[in-house]
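# Commentary on secondary and tertiary structure
For reference, the chains in residue letters:
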Amino acid sequence: MEIVIEGNAFINGDLVKCAIGVEEGRIKAVKKILKGDRHYDFGDKLILPGGIDAHVHFRDPGMTHKEDFGSGTVSAAFGGVTCALDMPNTIPPTTSKEALQEKARIAGSKAFVDFGLFAGVSMNSDFEELSKHATAFKIYLATTTGRLLIRDYNVLDEIFQRLGATNKTVCVHCEDEDLINKTMNPDSLKSHLKSRPNPCEASSIKKVIRSSRGAKVHICHVSTSKGVKLVKTEGVTSEVAPHHLFLNSNVKLGALGKVNPPLREPKDQEALWEALNSNIIDIIASDHAPHTLEEKELFEEAPAGIPGVETMLPLMLSLVKHNKFQLGRLVNAVSEKPNEIFHLNKGKLSPGYDADMIAVDLRKEGEIKGKNLHSKCGWTPYEGFNGVFPRFTFVRGEVVIEDWELTGERGFGSMVGESLGSGAVKVD
Ligand code: DOR
Ligand code: ZN
Ligand code: ZN
């Protein structure tokens, strides 16, 4: 084997002491003993599939003062995320073949981990063409950062029908624009929540599910107990964001906690944990949405969004360490299930899959500090929370993080692609 990685690895739902052999970036064999040209022995430490973050905003191109594909993927690597799917609300938005190709070129030249791109949906896009260049589609049903709003629910039937023909997953930001109180100018987390109340989400999810026959619909960042009930619908998948799990509208974060959908009340938070534990919500995705501290100064004017790609797995691994969350469910929610939903050939320690993995020492827990993180935004809402950061991060067998230090190379990250296998999408 070119590379062998040994440890207490998560294989088919169980931790097993074994050796993982890697050739040409893919897992070739999982055996008791293997010989390799390069050998990493992690003893009794955990080896888990790398995290797949199905919802990030790396801001590149157009808002690179907040983040770019370099800083965003470095942040991802430190947090054990080996593949991140980037949202279309950049400048320009990725609503055309040209914009997708340009973003693929930029990302390919800067990324430290693998990535996929969302195509933004607008009424007159050529979905068939876009589907050749994007991992999945994204629909915005409410105003938020960017201008990708679909205002008219009457066109949804037709849009979903056309999107269904592409066979790609369609992710939807569900808040009903008509139920947002536009006369308010919120100056606190409580009033922000009031202006975008819980029924916004439920109403929007209902309309989407009603229209979506034929398309593979994925509901982004479910945040309410009603939302949880609705996403139980057969054939619909869903995600929850760490900030809706770990924070609520009572936190003293001011504008730093301003996000869409808003932080909710503790009872919604509880419903989300329950839904995640019981597989009603399929995956955890960070909705990493960095804005600078300067932009976040004044609540009324602050853009909505919270960073999270680097802290998502460490926060969850800390819960695993303290037996508050099941390891198997975590691996399923951040690796196996995102792979199934987005067809990435990643997220599993089995022959044939990309050799993306992390080595974790659960004994090494520390306090999360914004100044130690790697997003350009320079802050985190989880200051002082416990986190277990991976000791090693491997992407396609190559070391990107070694003993909590960056050793990866800018531009090593590749775009994922269904037909050609990850790391091999052809951008013409
Ligand atoms: O709070 C949010 N921020 N919600 C979104 O839907 C977009 C995101 C961003 O891009 O900043
Ligand atoms: Zn969203
Ligand atoms: Zn988002």
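Let me begin by describing the structure that accompanies this report. Once a new chain begins, its residue numbering starts again from 1 and follows that chain's sequence as written. All chains are assigned letters beginning at A, and all ligands numbers beginning at 1, according to the order in which they are written. Totals for whole chains, interfaces and linings use all residues, but because this is a predicted model, local features are given only for residues with pLDDT of at least 70 and pairs of side-chain atoms are given and counted only at 80 or more. As a convention, hydrogens and water are excluded, and side-chain values are obtained from all of the structure's heavy atoms.

## Some details on the overall build of the protein chain
Runs of E in the DSSP output that reach at least two residues are strands. Runs of H or I that reach at least four are helices, and both are numbered from the N terminus. Regarding its fold elements, the protein chain presents 11 helices and 18 strands. By the compact-globule yardstick of 22 Å for 428 residues, the protein chain fits well, its C-alpha radius of gyration being 20 Å. Along the three orthogonal principal directions, the C-alpha set of the protein chain runs to about 65 × 45 × 40 Å. The buried label goes to any residue with under 20% of its type's maximum accessible area, the exposed label to any with over 50%, and the partly exposed label to all in between, with areas taken from a 1.4 Å probe on protein chains only. Residues classed as buried in the protein chain amount to 63% of the 428 residues present. Sequence separation of 24 or more characterises 72% of the internal contacts of the protein chain that already satisfy a separation of 6 or more. A total accessible area of about 16,600 Å² is found for the protein chain, and carbon and sulfur atoms account for 48% of it. Only C-alpha atoms enter the radius of gyration, while the globule expectation follows 2.2 Å times N to the 0.38, with N the number of residues. When checking whether two residues touch, look at their non-hydrogen atoms; a contact exists if any pair is within 4.5 Å. Note on areas: Shrake-Rupley with a 1.4 Å probe; residue coverage comes only from the protein chains shown.

## Some remarks on unusual backbone geometry
Trans is the common state for peptide bonds, and a negative phi is the common state for residues other than glycine. Of note, the bond from D60 into P61 is cis; its omega dihedral lies within 30 degrees of zero at 5 degrees. Turning to its location among the elements, P61 is positioned in the loop between β5 (51-56) and α1 (69-78). Even without a glycine there, the phi angle at N279 is positive, about 65 degrees. When you line up the elements, N279 lands in the loop between α9 (266-277) and β12 (283-284). Note on N279: relative accessible area 42%, which makes it partly exposed.

## Examining the environment of A9
Looking at the element boundaries, A9 is found in strand β1 (residues 3-11). Given a relative accessible area of 0%, A9 falls into the buried group. Those residues within four positions of A9 in sequence are excluded, and the remaining contacts are D14, L15, V16, C18, I20, I47 and L349.

## What about the nonpolar core?
I139 and I284 are the most contacted members of the largest nonpolar core, which totals 96 residues. If you tally residues by element for this core, the top one is helix α10 (residues 312-321), at 7 residues. Leaving out residues up to four positions away in the same chain, I284 has contacts with V240, P242, L245, L276, M312, M316, L330, A333 and V334. By convention a nonpolar core is built from buried Ala, Val, Leu, Ile, Met, Phe, Trp, Tyr and Cys residues, the set being connected through side-chain atoms within 4.5 Å. If you look at the next biggest cluster of nonpolar residues, it comprises 18 residues, including Y40, I47, M357 and V399.

## Re the packing of aromatic side chains
We call Phe, Tyr and Trp rings a pair once their centres come within 6.5 Å, taking the six-membered ring for Trp, and we label the pair stacked below 30 degrees between planes, edge-to-face above 60, and tilted otherwise. Inspection of every chain in the model, using the stated rule, returns 13 aromatic pairs. On the numbers, 4.9 Å between centres and 70 degrees between planes, the contact of F42 with F392 is edge-to-face. Placement of the pair is F42 in strand β4 (residues 38-49) and F392 in strand β16 (residues 392-395), with a sequence separation of 350 residues. When sorted by exposure, F42 lands in the same class as F392, which is buried. For the pair F246 and W273, a centre-to-centre distance of 5.4 Å together with 85 degrees between the ring planes defines the contact as edge-to-face. Note that F246 is positioned in helix α8 (residues 242-246) and W273 in helix α9, a separation of 27 residues in sequence. Like W273, F246 is buried.

## Brief notes about the coordination of the zinc ion (ligand 3)
Note that water is not among the atoms considered, so a metal site may appear incomplete; the donors listed are N, O and S atoms within 2.8 Å of the metal, with 3.2 Å applied to Na, K and Ca. On the protein side, the zinc ion (ligand 3) has H55 (NE2), H57 (NE2) and D287 (OD) as donor atoms, found 2.1 Å from it. The distance between the zinc ion (ligand 3) and the zinc ion (ligand 2) comes to 3.5 Å. The burial state of H55 is the same as that of H57; both residues are buried.

## Side note on the side chain of R396
Structurally, R396 is set in the loop between β16 and β17 (398-402). Judged by its relative accessible area of 14%, R396 is buried.

## Comments concerning the sheet that holds strand β9 (residues 169-173)
Pairing within the open sheet is parallel, and its 8 strands lie in the order β5-β6-β7-β8-β9-β10-β11-β12. The open sheet has two edge strands with one neighbour each: β5 and β12. Each pair of strands is called paired provided DSSP finds at least two bridges between the two strands.

## Comments concerning α9
Each helix should span, by expectation, one fewer than its residue count multiplied by 1.5 Å. Here α9 spans 17 Å end to end across 12 residues, near enough to the 16 Å set by a 1.5 Å rise per residue. Considered for burial, the residues of α9 that qualify are D268, Q269, A271, L272, W273, A275 and L276. Immediately downstream of α9, the backbone of N279 shows phi near 65 degrees, a positive value.

## Observations regarding helix α11 (residues 327-342)
Its 16 residues give α11 an end-to-end C-alpha distance of 22 Å, which sits within 8% of 22 Å, the value for a rise of 1.5 Å per residue. Fitting axes to the seven residues ending at a residue and to the seven starting there, one defines the bend at that residue as the angle between these axes. The largest bend in α11 amounts to roughly 45 degrees and is located at A333. Taking burial as the measure, the 16 residues of α11 include 14 buried ones, the bulk of the element. Taken from the residues just after α11, H343 is the one with a positive phi, measuring 55 degrees.

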